[in-house]
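One-letter residues, chain by chain:
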Amino acid sequence: MGNTVRLEDFSGALSYAPLTECLLGPIRMTLLDAAIELKIADHLDESDDPDVLAARLGVHPQNLRFFLDGLAAMGLVEKKDGRYANTRLAQEYLRTTSDTYLGELLTDLGKMQSCELPQLMALLRDGPPEKADESRQFDEAHWRRSARNLARYQRAGLARMAAEIAASLPEFPAMRRVLDLGGGPGVVCMEIVASKPELEGVICDQPAVIEVAREEIESRGLTGRVTCCAGNYNEIDFGSSYDLIWASHNLYFAKGLQDFMGRLFQGLNPGGVFISAHEGLRNERTGPAQCVLARLPCALEGRNVSFAEGEVADAAKAAGFAGHEKRVVVSPFGEIHVDILRKPGRLAA
Ligand SMILES: C[S@@+](CC[C@H](N)C(=O)[O-])C[C@H]1O[C@@H](n2cnc3c(N)ncnc32)[C@H](O)[C@@H]1O
């Protein structure tokens, strides 16, 4: 194979590749949507023969080959001697029987992230609608529908990350009680608790979501060690005497961030640790691109909820937390800013 030479190397012109790359976005999304709808990864798990697949799916054999070639170009499928197989990516995340199946989550997020876009010109002209589309409200029913997908998403990496961060804390050996605030189905809490026999956990979330958390607790055999606190965390008492409070991607719903931080501070034992895992927008809220772009439709609709870098930590420090430590984790959903904040004092050994 010869050397690859870019067009710009000949002409000295500024590359316009970032512009042509944009054209592929809708094609990739359409192929992914179709792959999920047709359960292609399930079928490829059973047969690598495109003719067998075409007959099973009742589709045009040649066009199915073009479609599979496209999926191969996207890294979802491997092709060898005219036969097709799942890549590890598709095998783990697009097979419906996988514990970490993300098909439904991706479809939902895709709809959410692109549904306002046809209205972009109108939103630019008129601003956000006075009354947000009810079907897109982030209410309890929305989170109940998402809870099982959130469990798979947490199993696909977040839970492991949280457990490893918790275990890396110098306070971890002395920790006994953990709160996963707005924890959804609570796989994160369970992974942290499972990493040390003396740990007990509490998952706090809205009642409809907690129903799913209870199922997860039972299926993981953690009944007794992990309990639930169901309700709106702005209104209920989510308990106290915690050694660790974990909160990921949910503080958008806290009323009055600094006062809320004060409640978390009260909820911790002296020497306890609060960990926040949220995005951290920088460069005047223009980066990282993944977060800015994914949340753009929400912002245009009047829900510009993303946190700027340091925002959560500053509110926590104003509420009395000290010893701020920051870690940045690059996740498939973009950068996660993990802020570790400490309540002065020392955990009882
Ligand atoms: C984006 S999910 C994040 C779940 C989990 N922490 C994670 O990182 O995967 C947001 C969670 O916050 C919960 N939530 C939203 N508003 C809440 C409230 N007022 N009280 C308790 N939980 C709430 C939702 O039910 C949902 O489970």
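The rules behind each value
- Residues numbered from 1 in each chain as written.
- Predicted model: local features only at pLDDT ≥ 70, side-chain atom pairs only at ≥ 80, totals over all residues.
- Helix = DSSP H or I, 4+ residues; strand = E, 2+ residues; numbered from the N terminus.
- Buried ≥ 20, exposed ≤ 12 C-beta atoms within 10 Å, placed from the backbone.
- Contact = placed C-beta atoms within 7 Å.
- Pairing = 2+ DSSP bridges.
- Right-handed = clockwise from strand over helix to strand, strands pointing away.
- Near = placed C-beta within 6 Å.
- Nonpolar A, V, L, I, M, F, W, Y, C, P; charged D, E, K, R; others polar.
- Core = buried A, V, L, I, M, F, W, Y, C linked by C-beta atoms within 7 Å.
- Axes fitted to C-alpha atoms, helices over the stretch in contact; angles between N-to-C directions.
- Parallel < 35°, antiparallel > 145°, perpendicular 65-115°, else oblique.
- Left-handed = near helix turned anticlockwise from the far one by under 90°.
- Domains from an automatic or database assignment.

This paragraph deals with the overall build of the protein. When its secondary structure is counted, the protein shows 15 helices and nine strands. By its C-alpha atoms, the protein is 65 × 50 × 45 Å across when sized along the principal axes. Evaluated residue by residue, the protein yields a buried proportion of 32% over its 349 residues. Taking the intrachain contacts of the protein between residues at least 6 apart in sequence as the baseline, contacts between residues at least 24 apart amount to 68%.

Another aspect to go through is the pairing of strand S4 (residues 200-205). Counted residue by residue, S4 has five buried out of six residues, so it is predominantly covered. Examined bridge by bridge, strand S3 (residues 177-181) and S4 share five bridges and lie parallel to one another. Across the sheet, the residue bridging to Asp180 is Ile203, located in S4. At this point the chain moves from S3, through helix H10 (residues 187-194), to the parallel S4, and the crossover so formed is right-handed. When S4 meets strand S5 (residues 226-230), the two strands line up parallel, connected through five bridges. The residue of S5 that forms the bridge with Ile203 is Cys228. As for the winding sense of the linkage, the β-α-β connection from S4 through helix H11 (residues 207-219) to S5 is right-handed.

On to the site of the ligand. Around the ligand sit 17 residues in total, of which Trp143, Gly182, Gly184, Ser248 and Phe253 are the nearest. If you tally residues by element for the shell around the ligand, the top one is helix H9 (residues 140-167), at four residues. Residues that form the shell around the ligand fall into these classes: six nonpolar, ten polar and one charged.

Attention shifts here to the nonpolar core. Of all hydrophobic cores here, the largest spans 61 residues; its most connected members are Val178, Ile192, Ile245, Trp246, Phe274 and Ala316. It is H9 that provides the largest number of residues to this core, a total of ten residues. Residue contacts for Phe274: discarding those within four places in its chain leaves Ile245, Leu264, Leu268, Ala316, Phe321 and Leu341. In this structure, Ile40, Phe67, Leu71 and Tyr101 belong to the second largest nonpolar core, which totals 14 residues.

With that settled, the discussion passes to the packing of helix H12 (residues 257-267) against helix H15 (residues 311-318). Taken N-terminus to C-terminus, the directions of H12 and H15 make an angle of 60°; their axes are 8 Å apart at the nearest point. With respect to each other, H12 and H15 are oriented oblique. Pair H12 / H15 crosses with right-handed handedness. When H12 is examined against H15, the residues Leu257, Gln258 and Met261 are found in contact with a partner set consisting of Ala315, Ala316 and Ala318.

Taken in spatial order, the seven strands of this open sheet run S5-S4-S3-S6-S7-S9-S8, and their pairing is mixed. Of all strands in the sheet, those with a lone pairing partner are S5 and strand S8 (322-331), marking the two edges. Neighbouring strand axes in the sheet, compared pairwise and without regard to direction, differ in orientation by 15° on average. Sheet topology note: the S3/strand S6 (residues 242-248) ladder contains four bridges and is parallel. Looking at the pairing, Asp180 lines up with Trp246 of S6. H11 contacts S4 and S5 of the sheet and is inclined by roughly 170° relative to S5. In the packing of H12 onto the sheet, the strands contacted are S3, S6 and strand S7 (268-278), and the crossing angle to S7 comes to about 135°.

Taken domain by domain, the protein holds domain 1 (7-96) and domain 2 (134-342). Between the C-alpha centres of domain 1 and domain 2 the distance comes to 35 Å.

Note the cis peptide between Gly287 and Pro288, where omega equals -5°. With a phi close to 60°, Ser241 is a non-glycine residue in the positive phi region. In this structure, Ser241 sits in the loop between S5 and S6. Residue Ser241 is classed as exposed on the basis of its 11 C-beta neighbours within 10 Å. The backbone phi angle of Glu284 is positive, close to 55°, even though this residue is not glycine. Residue position: Glu284 is located in the loop between S7 and helix H13 (289-294). You can call Glu284 exposed: it has 7 C-beta atoms within 10 Å.

Turning to the pairing of S7, a few remarks are in order. Burial analysis of S7 places nine of its eleven residues in the buried class, the great majority of the element. Sheet analysis places S6 next to S7, joined by six bridges and oriented parallel. Within the sheet, the bridge partner assigned to Ala247 lies in S7 and is Ser276. Where S7 lies against strand S9 (residues 334-342), six bridges are found, and the strand directions are antiparallel. Residue Ala277 lies in a different strand from S9, and its bridge partner there is Val338.

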